[in-house]
Amino acid sequence: MRHFFSTAIVVASLAGHIYGHRHAAPSNYDEAPVRQRKTLGIRTNGFTPMDKSMCPMKVAKVFIEDVLSQTAADGLSYRIRDDSYTDKNTGVTHVFARQLVNGLDVADGDMNINIKDGMVISYGNSFFKGTPPVASLEHILTGELRDPRVEACTAARQHLRANRDSYAEQFVMGTHEPIAPEAVQNIHDNCATAFDAPSFATDDIMDFRAALLQFMHTATPNSKLSEDIEENFHSYKEKMDITPVNHFDSPNSRNDVEFTVGNVPDTVNPVKAKLMYTQVPNQAGDGTDLQLVWKFEVEMEDNWYEAAVSVQPPHKIVHVVDWASDSYVPIPKKPVVTEYNVFPWGVNDPAEGERSIEKESFDKLASPAGWHAIPVANDPSLRNVRLRSSDFWRNTTTTWGNNVFAQENWEGANAYIDNYRPDAGQSKNFDFKYDPKETEKVDALAEAKKYINTTVTQLFYTTNLVHDLYYRYGFDEVAGNFQQYNFGRGGRENDGVIANAQDGSGYNNANFMTPPDGQNGRMRMYLWNTAIPYRDGDLEAGIVIHELSHGLSTRLTGGPLNSGCLGWGESGGMGEGWGDFLATTIRSNKTYSDYPMGAWAANRDQGIRNFVYSLDTAVNPSVYKTLDKPGYWGVHAIGEVWAEILWVVSQRLIEKHGYSEDLFPPAPNDDGSVPPGDFYRTTTVQGKPLVPKHGNSLIVQLVINGMKLQPCRPTFFHARDAIIAADQVLTEGENFCTLWKGFAERGLGVDAKIEGQTPWGGGVRTNGFAVPPACQGETEPEEPKEPEHGDKKKKKHKKD
Ligand SMILES: *[C@@H]1O[C@H](CO)[C@@H](O)[C@H](O)[C@H]1NC(C)=O
Ligand SMILES: *[C@@H]1O[C@H](CO)[C@@H](O)[C@H](O)[C@H]1NC(C)=O
Ligand SMILES: *[C@@H]1O[C@H](CO)[C@@H](O)[C@H](O)[C@H]1NC(C)=O
């Protein structure tokens, strides 16, 4: 019996919810996008802009091949991912390319190329630039791969076998006293497949079970299970149920070596395993090497990991991204029968307003079938039911629809289909009681459960509105939004949001898991035991919007099928920041105010962040350089700096363009065209994009368009540049100086810099308060005026 199993040396513990290994995946972009934004041309490596009419895919190919030709090495190629798309409004084609080496994907070899009118307007590039490993895929698969570590392993193995053969498994799993220090060191460093012959024959290399178990051993929060994996390693391994995945749909993927694996401990769905390369820092520290890894997609109760584990023993976790992110209106367009008693859109939480009866105000473009209809074929509750009806649609009277499945999840588990959800019956009136009583602490949970009808209704209502709102700003089917059915409009379907209210798996938090397009997003909202009666996160719109925005930013950055672009560091931080910014923008009104995040749920005026979002530096002093402070390594702290910067930028745009009372664009005409109303600028030019007229709607549009333009694993600089590029595309750069001035106010001006940053993090930041030369005079027709601080006094959070 082969003992392929291995390695003891678990690299790091899973700290918190996101854990970036120090040798995390690189994000070394050639250059920030759009350095030449003013000209919209490119000046890269001899590539000449094509003519306007050239197909964007063709432009992308010429461009990529030009970039690749700079790398002399053979064996490098690429594929254009089929989640590339053209933005309907701006006409920008977002092309996502994945690097291939020896026919295998390079997991972090991404290029995103933004093309308009035959020209590349910006791009990001993290392709591997070195010489690829000589081994061809055939070599790898036929076991001809030779690694010096094999020799070292053999020596160590012999040594150890001579000594303590019987301690094999415990030792390898790291639970036994060391035997001989040099041997141990040798094994730790070099192999850890110490006991039975590691033959590196075909099926050894292809046997990822040990690597996967090693990962689960590290990833599971259940220490009993970890121990049990150590003790019963072989039986866990044997129980795994492996199915090869064959791709028939894409000629690009025929080389893929991919499997699904059932019966993996502590997972809630089969694991996906795919053979790939990933980039790791080279010895000199000035570039990358390629390492062969198994990429696993592991869905657990509380985490959803994308992990790269080295193929060869010792099976090191090379990088890991958790798709789960913790968090911490107007619009009745076409009234229909369904009504909800809810805190209406724009009321952030129960301290800010009262409930009222609201209609199902679905947006005709975003949700053509309304919120309570789902095609029979896309309804997961009917998967095993043979329906006699031949109806296409199934209409529901519950919180179950095409965009969202909302239900309680007191059990805190993964199941959701049969969980309780309110049923309004034929009256379609979701009008339930909300009157939480002060109780003894022991009874507080039971009291909260009494208003589950109300809380699920609210969650369903808020989530649908956010779906519709983001849709209208371009988070549509091709961009990777969340819907069970896509109305034939492209993108991957069967991925509505599973929204769990009062989730029993925690308190005082919320989270969202974003797998790639075509798989359901999962949102979990918790009760907050910060007061009695308990406060229910489902009722605080800001928290729900923050969570749903993870789905938005993750799907838009780097393309719908790449969920690994906002994993950690600055990019992970911005993943949090966008959510805070959008939640704050949505709750704001014409009279300027400062806003905290999560203040009601947390029962704390200041909210859950270090500072309240404010234009006033005395209230919120965050600047770019703040990221160097102790305590700013975590994604939430980084995120609040980004959200604050965006908040300042947004106020400057509002000063210039005014404020729209309603963030929702006007309802479409019957032919699907959109009237400008008071929302968009009127344009007489055919084919020009619709441009939101007001500062608050414009910044939402620019932020969302920027997500589509920026590269995978963006830094603050990339994201800033992408917003400025988005303005270039949308308005031909009329806000160039306003945006730069806004960013510069908080240290993110043109002279901001970071020194000593490696692709893997670190570095020392310098604030930059300068704007481009073109903005230094009075070149821009704008008169900065003081914001209306009329309403600055802190809001009182009344007791329930
Ligand atoms: C069910 O929903 C579909 C899609 O919105 C709609 O066309 C149909 O009229 C509805 N049927 C009923 C009985 O309400
Ligand atoms: C929820 O609503 C249903 C239908 O009106 C009702 O029967 C049920 O008692 C309610 N649940 C709670 C906990 O109030
Ligand atoms: C605007 O928002 C602030 C803060 O939430 C609130 O105090 C104020 O009453 C609101 N004003 C209007 C006109 O709604």
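On a predicted model such as this, the values are computed, not experimentally measured, just so you know.

Engineer: So what's going on with the overall build of the protein? Residues and values would help.
Structural biologist: When its secondary structure is counted, the protein shows 18 helices and 25 strands. Put simply, the protein shows about 30,600 Å² of open surface, and 50% of that area lies on carbon and sulfur atoms.

Engineer: Summarise the state of the cysteines; cite the residues concerned and give the values.
Structural biologist: Structurally, a disulfide amounts to a covalent bond that connects the sulfur atoms of two cysteines. Under the counting rule described, the total for this entry stands at two disulfides. In this model C737 forms its disulfide with C775; the gap between the sulfur atoms is 2.1 Å. With the S-S bond torsion at -80 degrees, the cross-link from C737 to C775 turns out left-handed. Placement of the pair is C737 in helix 18 (residues 736-745) and C775 in the segment after strand 25 (764-766), with a sequence separation of 38 residues. Per residue, the accessibility class of C737 equals that of C775, and both read buried. Once the bonded cysteines of the protein are numbered in order along the sequence, the disulfide links fall as 1-2, 3-4.

Engineer: Just give me the short version of the pattern of salt bridges, but keep the residues and values in it.
Structural biologist: Scanning all chains against the criterion turns up 35 salt bridges. For the salt bridge of R98 with D105, the shortest nitrogen-to-oxygen distance reads 3.2 Å. The burial state of R98 is the same as that of D105; both residues are buried. Put simply, E477 and R489 hold a salt bridge, and the shortest N to O gap is 2.8 Å. Of this pair, E477 sits in the loop between helix 11 (452-472) and strand 19 (497-501) while R489 is found in the loop between helix 11 and strand 19, placing the two residues 12 residues apart along the sequence. Looking at E477, the relative accessible area reads 0%, which means it is buried. Linked by salt bridges that have partners in common, R79, R81, D83, R98, D105, D110, K274 and R713 make up one network.

Engineer: An account of the nonpolar core is needed here, citing residue identities and associated values.
Structural biologist: If you look at the biggest cluster of nonpolar residues, it comprises 116 residues, and the most contacted ones within it are W345, Y470, M523, W578, W642, F716 and F743. A per-element tally of this core places helix 15 (residues 635-657) first, with 11 residues. Every residue in contact with Y470, bar those within four places of it in the chain, is listed here: F475, I545, S549, L552, L582, I586 and I704. Core analysis: the next-biggest nonpolar cluster, separate from the first, contains 55 residues, F63, M240, L275 and V320 among them.

Engineer: Describe the packing of helix 15 against helix 16 (residues 695-709), listing the residues and the values that go with them.
Structural biologist: Their axes nearest at 7 Å, the elements helix 15 and helix 16 cross at an angle of 135 degrees. In terms of their interaxial angle, helix 15 and helix 16 are classed as oblique. Between helix 15 and helix 16 lies a crossing of right-handed hand. Here helix 15 contributes L646, V649, S650, L653, I654 and H657 to the contact with helix 16, which in turn contributes G695, N696, L698, I699, L702 and V703. Split into classes, the residues belonging to the contact of helix 15 with helix 16 amount to eight nonpolar, four polar and no charged.

Engineer: Quick one: what's the story with the packing of aromatic side chains, residue by residue and with numbers?
Structural biologist: Enumeration over the complete set of coordinates arrives at 36 aromatic pairs. Relative to Y305, the ring of F215 has its centre 5.5 Å away and its plane inclined at 85 degrees; by these criteria the two rings are edge-to-face. With F215 in helix 7 (residues 209-219) and Y305 in strand 10 (residues 304-310), this pair connects stretches of sequence that are 90 residues apart. The residues F215 and Y305 share a single accessibility class, namely buried. Aromatic rings pair up to connect Y340, W371, F430, F432, F460 and Y461 into one cluster. In this arrangement the basic side chain of K239 is found over the ring face of Y236, its NZ or CZ atom lying 5.1 Å from the centre.

Engineer: Hey, could you go over the confidence of the model for the protein for me, with residue numbers and the actual values?
Structural biologist: Considering every residue of the protein, the mean pLDDT works out to 80; 76% of them sit at 70 or more. Note on residues 248-254: pLDDT is under 50 here. Beyond four places in sequence and across chains, it has three contacts. Taken together, the stretch residues 327-336 has pLDDT below 50 and engages in 40 contacts with residues farther than four places along the chain or on a different chain.

Engineer: Before we move on, can you summarise the site of ligand 1 with the specific residues and values?
Structural biologist: Every residue close to ligand 1 is listed here: A369, A373, W393 and N395. At 3.0 Å, a backbone N or O of A369 approaches an oxygen atom of ligand 1. In the model, an oxygen atom of ligand 1 is placed 2.3 Å from a nitrogen or oxygen of the N395 side chain. By residue class, the composition of the shell around ligand 1 is three nonpolar, one polar and no charged.

Engineer: A description of helix 12 (residues 541-556) should follow, citing residues and the corresponding values.
Structural biologist: End to end, helix 12 covers 22 Å across 16 residues, agreeing with the expected 22 Å (1.5 Å per residue, within 8%). In terms of burial, helix 12 is a largely internal element, 16 of the 16 residues being buried. Remark: G558 follows helix 12 within two positions and exhibits a positive phi of approximately 80 degrees.

Engineer: Summarise empty space enclosed by the protein; cite the residues concerned and give the values.
Structural biologist: Roughly 130 Å³ of volume is contained in the largest cavity. What lines the largest cavity is N403, V404, T463, V466, H467, Y470, F475, N481, F482, V497, F512 and L548. Here the lining of the largest cavity gets four residues from one element, more than from any other, and that element is helix 11. Of the residues belonging to the lining of the largest cavity, the class tally is eight nonpolar, four polar and no charged.

Engineer: Would you mind going over the pairing of strand 11 (residues 317-322) in detail, with residue names and values included?
Structural biologist: Residues in a regular strand project their side chains so that they alternate between the two faces of the sheet. Of all six residues in strand 11, six are buried; the element is thus mostly enclosed. The sheet contact formed by strand 10 and strand 11 spans five bridges and is antiparallel. Each bridged residue has a counterpart across the sheet, and for V309 the counterpart in strand 11 is I317. The turn joining strand 10 and strand 11, which pair antiparallel and follow one another in sequence, is formed by six residues.

Engineer: Go over the UniProt feature "active site" (unreviewed entry) in the protein, please, and point to the residues and values.
Structural biologist: When the UniProt feature table is mapped to this numbering, "active site" (unreviewed entry) covers E547. When you line up the elements, E547 lands in helix 12. Judged by its relative accessible area of 0%, E547 falls in the buried class.

Procedures and definitions
- Residues numbered from 1 in each chain as written.
- Chains lettered and ligands numbered in written order.
- Predicted model: local features only at pLDDT ≥ 70, side-chain atom pairs only at ≥ 80, totals over all residues.
- Heavy atoms only, no water.
- Helix = DSSP H or I, 4+ residues; strand = E, 2+ residues; numbered from the N terminus.
- Areas by Shrake-Rupley, 256 points an atom, 1.4 Å probe, with all protein chains shown as cover.
- Disulfide = S-S within 2.5 Å.
- Buried < 20%, exposed > 50% of the residue type's maximum accessible area, 1.4 Å probe, protein only.
- Salt bridge = Lys/Arg side-chain N within 4 Å of Asp/Glu carboxyl O.
- Core = buried A, V, L, I, M, F, W, Y, C linked by side-chain atoms within 4.5 Å.
- Contact = heavy atoms within 4.5 Å.
- Axes fitted to C-alpha atoms, helices over the stretch in contact; angles between N-to-C directions.
- Parallel < 35°, antiparallel > 145°, perpendicular 65-115°, else oblique.
- Left-handed = near helix turned anticlockwise from the far one by under 90°.
- Nonpolar A, V, L, I, M, F, W, Y, C, P; charged D, E, K, R; others polar.
- Phe/Tyr/Trp six-rings, centres within 6.5 Å; stacked < 30°, edge-to-face > 60°.
- Lys NZ or Arg CZ within 6 Å of the ring centre and 35° of its normal.
- pLDDT = per-residue confidence, 0-100.
- Near = heavy atom within 4 Å.
- Polar contact = N/O pair within 3.5 Å; in protein donor to acceptor, adjacent residues only side chain to side chain.
- Expected span 1.5 Å × (residues − 1).
- 1 Å grid on protein atoms, 1.4 Å probe; cavity = no way out; pocket = protein on both sides within 12 Å on 5 of 7 lines; lining within 4 Å.
- Points joined across faces, edges and corners; volume = space filled by probe spheres on them.
- Pairing = 2+ DSSP bridges.
- UniProt positions renumbered as here; feature names shortened; annotations may be inferred.

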